Amino acid sequence: MPGGRLTQQERQQIALGLGDGLAYAEIARRLDRPTSTVTREVMRNGGPTAYRPDLAHRATEGRARRRRPGGDARPAARGDGRDATAVRDYEEAFATVFMQSGLPRMTARVLAALYATDAGSLTAGELGERLQVSAGSISKAVAFLESQSLIRRERDDRRRERYIVDDELWYQSMIAAAKANEQMVEIARQGVAVLGAGTPAAARLENVARFMDFVSEGIVRAAEQAREILLSKPARPEPRPEPGAESGAESGSKSGPASGPEGAGERG
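Residues numbered from 1 in each chain as written. Predicted model: local features only at pLDDT ≥ 70, side-chain atom pairs only at ≥ 80, totals over all residues. Heavy atoms only, no water.

Peer 1: So what's going on with a nonpolar patch on the surface? Which residues, and what values?
Peer 2: Among the surface-exposed residues, M184, I187 and V208 lie close enough to one another that they form a single nonpolar patch of about 240 Å² accessible area. Look at I187 and you get partly exposed, because its relative accessible area is 49%. (Patch = residues over 30% accessible without salt bridge, like charges linked within 9 Å, V, L, I, M, F, W, Y side chains within 5 Å. Areas by Shrake-Rupley, 256 points an atom, 1.4 Å probe, with all protein chains shown as cover. Salt bridge = Lys/Arg side-chain N within 4 Å of Asp/Glu carboxyl O. Buried < 20%, exposed > 50% of the residue type's maximum accessible area, 1.4 Å probe, protein only.)

And the structure:
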């Protein structure tokens, strides 16, 4: 599988694939690239309907120059020991998934950055520095996220406002989505009364109401049942045995029967 940045020819192939209505996974397979690479490329350069390979290529070159002045600079070192480039690329991929679910690009980037921090919280200044954007862009993004119950805000010991993602927010977001569905159920049933029961339009709206009602109940039920998952701590993976110790254990298990009762019986 090839590595590195997409070439201009690959971007032209992506554009052709989009024009043919191919899925990201199929385009990626033809390029021998990860699906996430193609998805991120398209979403950060206008989306599937506005993607232009030449513009995308120039934009990528411009970003590369800003990140690496003179062509040799590397991403700033991180204090936590993680690979700065890998973390940045992961946050971009994570943001792309949020964008596919309907979030605006900046909003998605803010949410991904918050989830990629150990503390799960950042100030507006920290977000601006991390994402290299203005305070105004951060303000709009966090206002939208808070309205959707995807983040909350509080003040720290220094009276700075912090934006936080925590274990309960996914649950609360699901419940908020279910309530939004209830509004659709209500307006659809109002339409049944206005348009007259038994008419095709009323029947269509009643089916919409029944469908959304069923979905809302399922969302609430599933969220309640799965809530404990958000509060549980992932199990730590067991350490892998050293190669020498593993081979020694295998050789010991193979030689064990010869020294046991069966082996003694055979010798006898």
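Peer 1: Residues and numbers for helix 2 (residues 24–31), please.
Peer 2: Within the sequence span of helix 2, burial applies to Y24, I27, A28 and L31. Down the axis of helix 2, the buried side of the element spans an arc of 100°, and every buried residue falls inside it. Facing away from the buried surface of helix 2 by more than 90 degrees, the exposed residues are R29 and R30. Considering only its buried residues, helix 2 is in contact with helix 1 (8–19), helix 3 (35–43) and helix 5 (84–100). Looking one or two residues past helix 2, D32 carries a phi angle of roughly 60°, positive in sign. (Helix = DSSP H or I, 4+ residues; strand = E, 2+ residues; numbered from the N terminus. Arc of directions from axis to C-beta. Contact = heavy atoms within 4.5 Å.)

Peer 1: Give me the lowdown on the packing of aromatic side chains, citing residues and values where you can.
Peer 2: Scanning all chains against the criterion turns up four aromatic pairs. Measuring from centroid to centroid gives 4.6 Å for F94 and F98, while their planes differ by 25°, and the two rings are stacked. Here F98 and F94 lie together in helix 5, a separation of four residues that amounts to about one turn. Note on F98: relative accessible area 7%, which makes it buried. Taking the centre distance of 6.1 Å and the plane angle of 55° together, the rings of F94 and Y115 count as tilted. (Phe/Tyr/Trp six-rings, centres within 6.5 Å; stacked < 30°, edge-to-face > 60°.)

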